[in-house]
Amino acid sequence: MADPNGFLKYQRAEPKKKSKEDRLASWGEVYEDVDPGERNEAVRTQASRCMDCGIPFCHSGGSGCPLGNLIPEWNDLVRRGDWAAASDRLHATNNFPEFTGKLCPAPCESGCVLSISPLSGGPVAIKRVEATIADQSWESGYVQPQAAEVASGQRVAVVGSGPAGLAAAQQLTRAGHEVTVFERDDRLGGLLRYGIPEFKMEKKVLDRRLAQLRKEGTKFVTGCEVGVDLTVADLRAQYDAVVLAVGALRGRDDHTTPGRELKGIHLAMEHLVPANKFVEGDGPSPVDANGKHVVIIGGGDTGADSYGTATRQGALSVTQLDQYPVPPMTRDDERSPWPTWPYILRTYPAHEEAGERKFAVAVRRFVDDGEGTVKAIELQQVRVSKDPETGRREVVPTGDEVETVPADLVLLAIGFEGVEEMPLLEGLGLSLTRRGTLSCGADWQTETPGVFVCGDAHRGASLVVWAIAEGRSVANAVDTYLTGASDLPAPVHPTALPLAVV
């Protein structure tokens, strides 16, 4: 680094957002459109805050980026204005930096040395720098197809077109294999397409990357459920290896709260998927928040996505519920010491637009309107504890007071339970673990020879950066399986976990 004191000279700054009114009137991304020259100059200043910290925890797989992104290197290249070299260094470790630059919660920033103390002014704006490098790469034509020079003669099927499947497919295609990606939906992208709202990532960002994959030689088949539309016998006969990147889309439901059977109560994905299809031009959503009082149960990313979607659909009110108390604004060194992922209050752009959040509350019951449809919920203040003997989580009311909140539409965003049951798994002779995932060996191979797994299907619902890292790693394993050796990178091991306090 040219100036290890850069963080003392410049404050951390986030990109400017559009006004709340403009955001709610459109499905487009929430950030302002800025002249590229002005944008780049501002980001060069942010990159200059990267200090000569000696050991860059930001790109450590345990405490920062599992892809091993060469963050200090491309920060310095951006500081110097060498965008072409920065693009090269960024793409050396990340197939899709525009995805992570927009969607990843940035464990790299939590692992930044400047995160140790708030007196530093905050971590380097790594995510902003990454997103800008990606944007500049497309604008300047740095992103070009990288077709293989020699064909291996081997055929690989990738089942699932989310970030893990796409990363594996691109790596294997570039290694010379003939790769076909099968997607059961009508469009490609998995959760990138139908789980992520347009205001977080416009789908043109996904489509231009898919165009690159096609030009490199990757083939795609949509509307095909492997195990149904293509039999497992035909799959194994036609392909030398199979990669399962089917995600972990089995949503967790609430089977205990009285009134769950009422109409108007849905899993969050039953709301997000048709909303995204509406934006794609497929017509009105059957689960629409327009003119309704919306209650979202669950405080994570999916809940925030439903929150922003409901406000854009014209909800009368939006209330998001969380069973846990309000997290602290700054890192608690005893609970989550640096460089672990901090337990802090996370406010998404959607939360700034409308509605409210309630903490330390749980639904006592869903109230019937007399015709089998939900009209309200009853809330109680609660405390969440863990049974010392069984380790099971217990939600205990802290008083008798009950609050009634109007609710015409209730969305359950309480997580995912793992891989969906599907004929493909039965046909391959695979069963799910107790966590609802697919297990594999050190070579990413399942118990069925020639069948590999990566992404959420292996890890459980996780971050986009972990999905891409596992996709790259499984590509190395498949390439080795087919040819005996591989030069493809393998950033993570199947057993790798982020650093955490147990």
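Model, not experiment: these values are computed from the prediction. (Residues numbered from 1 in each chain as written. Predicted model: local features only at pLDDT ≥ 70, side-chain atom pairs only at ≥ 80, totals over all residues. Heavy atoms only, no water.)

J.: I would appreciate a short explanation of the overall build of the protein in the present structure.
T.: Of the regular secondary structure elements, the protein holds 18 helices and 16 strands. Relative to a compact globule of 502 residues, whose C-alpha radius of gyration would be 23 Å, the protein shows 23 Å and is just as compact. For the C-alpha atoms alone, the extent of the protein along its principal axes is close to 70 × 65 × 50 Å. Residue burial in the protein is summarised as follows: out of 502 residues, 50% are buried. At a minimum sequence separation of 6, the contacts of the protein that also span at least 24 residues come to 69%. Within the structure as shown, the protein displays about 22,300 Å² of accessible surface, and the carbon and sulfur contribution to it stands at 50%. Positive and negative side-chain charges of the protein, numbering 53 and 70 respectively, have mean locations separated by a distance of 3 Å. (Helix = DSSP H or I, 4+ residues; strand = E, 2+ residues; numbered from the N terminus. Rg over C-alpha atoms; globule rule 2.2 N^0.38 Å. Buried < 20%, exposed > 50% of the residue type's maximum accessible area, 1.4 Å probe, protein only. Contact = heavy atoms within 4.5 Å. Areas by Shrake-Rupley, 256 points an atom, 1.4 Å probe, with all protein chains shown as cover. Lys, Arg positive; Asp, Glu negative; His and termini not counted. Charge placed at Lys NZ, Arg CZ, Asp CG, Glu CD.)

J.: Where do I start with a negative patch on the surface in this structure?
T.: Judged by side-chain charge, Glu21, Asp22, Glu32 and Asp33 come together as a negatively charged surface patch. Locating Asp22 in the fold gives a position in helix 2 (residues 20-24). What makes Asp22 partly exposed here is its relative accessible area of 47%. (Patch = residues over 30% accessible without salt bridge, like charges linked within 9 Å, V, L, I, M, F, W, Y side chains within 5 Å. Salt bridge = Lys/Arg side-chain N within 4 Å of Asp/Glu carboxyl O.)

J.: Any chance you could explain the sheet that holds strand 3 (residues 219-221) here in plain terms?
T.: Picture the strands of a sheet paired through backbone hydrogen bonds; they go either parallel or antiparallel. The 5 strands lie next to each other as 3-2-1-4-16, forming an open sheet whose pairing is parallel. In the strand order of this sheet, the two ends are held by strand 3 and strand 16 (451-453), each with one partner. Averaged over all adjacent pairs, the angle separating strand axes in this sheet is 20 degrees, with direction ignored. Summarising the sheet, strand 4 (residues 241-244) and strand 16 pair through 3 bridges and their orientation is parallel. Opposite Val242, over in strand 16, you have Val451 as the bridge partner. Contacts from helix 9 (residues 163-174) reach strand 1 (155-159), strand 2 (178-182) and strand 3, with the element oriented near 165 degrees to strand 2. (Pairing = 2+ DSSP bridges. Axes fitted to C-alpha atoms, helices over the stretch in contact; angles between N-to-C directions.)

J.: How should the UniProt feature "domain: Dihydroprymidine dehydrogenase" (unreviewed entry) in the protein be read in this particular structure?
T.: Mapped onto this numbering, the UniProt entry gives "domain: Dihydroprymidine dehydrogenase" (unreviewed entry) at residues 31-140. The distance from the first to the last C-alpha atom of residues 31-140 is 21 Å, and the span holds 50% helix and 0% strand. (UniProt positions renumbered as here; feature names shortened; annotations may be inferred.)

J.: Would you explain helix 13 (residues 268-279) in this entry?
T.: Helical geometry: 3.6 residues make up each α-helical turn, so side chains three or four residues apart lie on a common side. For helix 13, built from 12 residues, the straight-helix expectation of 16 Å at 1.5 Å per residue is met to within 8% by its first-to-last C-alpha distance of 17 Å. Elements in contact with the buried residues of helix 13: helix 10 (191-194), helix 11 (203-216), strand 6 (265-267), helix 14 (301-313), strand 14 (409-412) and strand 15 (416-418). At the C-terminal side of helix 13, Gly281 shows a positive phi close to 100 degrees. (Expected span 1.5 Å × (residues − 1).)

J.: Before we go on, may I ask you to explain the packing of helix 5 (residues 83-91) against helix 8 (residues 126-139) in this structure?
T.: Running from amino to carboxyl end, helix 5 crosses helix 8 at an angle of 110 degrees, the nearest separation of the two axes being 9 Å. As judged from the angle between their axes, helix 5 and helix 8 are roughly perpendicular. Along this stretch, helix 5 crosses helix 8, giving a crossing that reads as left-handed. Counted together, Trp83, Ala86, Ser87, Leu90 and His91 of helix 5 and Glu130, Thr132, Ile133, Ala134, Gln136 and Ser137 of helix 8 form the full contact between these two elements. For the contact of helix 5 with helix 8, the class distribution of residues is 5 nonpolar, 5 polar and 1 charged. (Parallel < 35°, antiparallel > 145°, perpendicular 65-115°, else oblique. Left-handed = near helix turned anticlockwise from the far one by under 90°. Nonpolar A, V, L, I, M, F, W, Y, C, P; charged D, E, K, R; others polar.)

J.: Help me out: how do you make sense of the layout of surface pockets in this one?
T.: Picture a little ball the size of a water molecule; that probe, rolled over the atoms, points out where space is still empty. As a volume, the second largest pocket reaches approximately 170 Å³. Contributing to the lining of the second largest pocket are 15 residues, with His91, Tyr142, Val143, Gln144 and Gln146 lying nearest its centre. Residue assignment for the lining of the second largest pocket shows that the elements contributing at least two residues are helix 5, helix 9 and helix 11. Per-element tally for the lining of the second largest pocket: the top contributor is helix 5, with 4 residues. Its residues assigned to classes, the lining of the second largest pocket shows 4 nonpolar, 8 polar and 3 charged. (1 Å grid on protein atoms, 1.4 Å probe; cavity = no way out; pocket = protein on both sides within 12 Å on 5 of 7 lines; lining within 4 Å. Points joined across faces, edges and corners; volume = space filled by probe spheres on them.)

J.: What's the story with the pattern of salt bridges in this structure? I'm lost.
T.: Opposite charge on two side chains allows them to pair when their charged atoms are near. Throughout the structure, instances matching the rule amount to 33 salt bridges. The salt bridge involving Lys219 is made with Glu178; its shortest N-O contact spans 3.2 Å. In this pair, Lys219 is assigned in strand 3 and Glu178 in strand 2, connecting sequence segments 41 residues apart. Given a relative accessible area of 44%, Lys219 falls into the partly exposed group. Using a relative accessible area of 30% as the deciding quantity, one classes Glu178 as partly exposed. Residues joined by salt bridges that share partners form a network here, namely Asp186, Arg187, Arg193, Asp207, Glu280 and Asp282.

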